[in-house]
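A structural walkthrough
So you can see what is in the structure, the chains are spelled out below.
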Amino acid sequence: PLSTSLLANPHSMTELKIVCCKTILTAVDVLCMPLPKLQAVVFALTSALTLWWSVAQLQLYVPWMNCLRAGLYSVLAWVAAMLCVLVFTSDAVRLTPKATLDGVVLWAWPSAESYAQAKAITDATFYAIAPIFFLGFFATYARLSYFFNVGLRFRALPDGVKSRRVFKFASDTDVEVVSRVM
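The text that follows walks through the structure, step by step, so that each part is easy to find. (Residues numbered from 1 in each chain as written. Predicted model: local features only at pLDDT ≥ 70, side-chain atom pairs only at ≥ 80, totals over all residues. Heavy atoms only, no water.)

**Some thoughts on the environment of alanine 139**
Counting through the fold element by element, alanine 139 comes out in helix H5 (residues 129–155). Classification of alanine 139 as partly exposed rests on a relative accessible area of 43%. Sequence separation between alanine 139 and cysteine 67 is 72 residues; the distance between their C-alpha atoms is 8.1 Å. (Helix = DSSP H or I, 4+ residues; strand = E, 2+ residues; numbered from the N terminus. Buried < 20%, exposed > 50% of the residue type's maximum accessible area, 1.4 Å probe, protein only.)

Below, the structure is given as C-alpha cells:
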C-alpha cells in the first residue's frame with residue numbers, strides 16, 4: 001500500500017491471468033495464420049477475459065491507472081468483437097496461401113457490395129474506439145467509487161458493531177477491492 005509505482009500490484013494472480021491471455025493470443029496469431037476465424041474467436045475470448053479480470057479485480061493501487069487500463073482493454077475487446085463480425089460476415093477470399101515476406105496477406109472481394117459491407121464494419125470499429133475507451137474508463141471509475149463509498153462506511157464503525165451489519169460483501173474479491181481502494 002505504500003508503493004508509489006504506477007503499476008504497483010497487490011494482486012499478482014490477476015496480472016498473471018492477463019499475461020496468460022496475451023500469450024495465448026500471440027501463440028494463436030502466429031500458429032494459426034491460415035485460420036482467420038479461429039484467430040478472431042480466440043482474440044475475442046482472450047480480450048473479453050482480460051477486460052473482465054481487469055474491471056472485476058481492480059488490481060492496481062493507483063485508481064486512474066485501473067481506469068486507463070480498463071479503457072484500453074475495452075477498446076481491445078471492441079476491436080476483437082468487430083473482427084468476429086467482419087470475419088464471419090465477410091465473403092472475402094484469400095489470394096495468397098500464406099503471408100508474404102513483408103507480412104501482408106492479400107484478399108479479393110467477390111463483389112462491390114461485399115467490400116462496402118466490410119468497409120462499413122471497419123469504419124464503425126474505428127469511429128467507436130474513443131467512446132468505447134471512455135465507456136470502459138468510466139465504468140471502472142464507477143466501480144472504484146462504489147467500493148470507496150463502501151470502505152468509508154467501515155472507517156467510522158463503532159466498537160462492537162459487526163461488519164456484516166454495515167455491508168454484506170458478495171465475494172472475497174470485493175473485500176480485497178475495498179481494502180485496496182481505501
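**Digging into the packing of helix H3 (residues 63–89) against H5**
Where H3 meets H5, the closest approach of the two axes is 7 Å, and the angle between their N-to-C directions is 140°. Judged by the angle between their axes, H3 and H5 are oblique. Handedness of the H3/H5 crossing: right-handed. When H3 is examined against H5, the residues Pro63, Trp64, Asn66, Cys67, Leu68, Ala70, Gly71, Leu72, Ser74, Val75 and Trp78 are found in contact with a partner set consisting of Ile129, Ile132, Phe133, Gly136, Phe137, Thr140, Tyr141 and Leu144. Class assignment for the residues of the contact of H3 with H5 results in 14 nonpolar, five polar and no charged. (Axes fitted to C-alpha atoms, helices over the stretch in contact; angles between N-to-C directions. Parallel < 35°, antiparallel > 145°, perpendicular 65-115°, else oblique. Left-handed = near helix turned anticlockwise from the far one by under 90°. Contact = heavy atoms within 4.5 Å. Nonpolar A, V, L, I, M, F, W, Y, C, P; charged D, E, K, R; others polar.)

**Things to note about the packing of aromatic side chains**
Summed over the entire model, instances satisfying the criterion amount to six aromatic pairs. Centroid distance phenylalanine 126 to tyrosine 127: 5.3 Å. Interplanar angle 65°. Geometry classified as edge-to-face. Tyrosine 127 matches phenylalanine 126 in its accessibility class, with the two residues each being exposed. With centroids separated by 5.2 Å and ring planes inclined at 70°, the aromatic side chains of tyrosine 146 and phenylalanine 147 adopt a geometry described as edge-to-face. Connected via pairs of aromatic rings, a cluster forms that spans Phe133, Phe134, Phe137 and Phe138. (Phe/Tyr/Trp six-rings, centres within 6.5 Å; stacked < 30°, edge-to-face > 60°.)

**What to know about the layout of surface pockets**
When its volume is computed, the largest pocket comes out at roughly 570 Å³. Around the largest pocket sit 22 residues that line it, and Pro36, Leu83, Leu86, Val87 and Trp107 are the ones nearest its centre. Among the elements that line the lining of the largest pocket, the one with the most residues is helix H2 (residues 36–57), at five residues. Its residues assigned to classes, the lining of the largest pocket comprises 15 nonpolar, three polar and four charged. (1 Å grid on protein atoms, 1.4 Å probe; cavity = no way out; pocket = protein on both sides within 12 Å on 5 of 7 lines; lining within 4 Å. Points joined across faces, edges and corners; volume = space filled by probe spheres on them.)

**Let's talk about helix H1 (residues 12–31)**
In a regular helix each residue adds 1.5 Å, so 20 residues correspond to 28 Å; H1 covers 28 Å between its end C-alpha atoms and thus fits that length. Of the positions making up H1, those classed as buried are Thr14, Ile18, Cys21 and Val28. Projected down its long axis, H1 carries its buried residues within an arc of 90°, all on one side. Opposite the packed face of H1, turned more than 90 degrees from it, sit the exposed residues Ser12, Leu16, Val30 and Leu31. (Expected span 1.5 Å × (residues − 1). Arc of directions from axis to C-beta.)

**Things to note about empty space enclosed by the protein**
For the coordinates displayed, the defined rule picks out one cavity of 30 Å³ or more. Its volume calculated, the largest cavity comes out at about 40 Å³. As for the largest cavity, its lining consists of Cys21, Lys22, Leu25, Thr46, Ser47, Thr50 and Leu76. Elements that contribute at least two residues to the lining of the largest cavity include exactly H1 and H2. Residue composition of the lining of the largest cavity, by class: three nonpolar, three polar and one charged.

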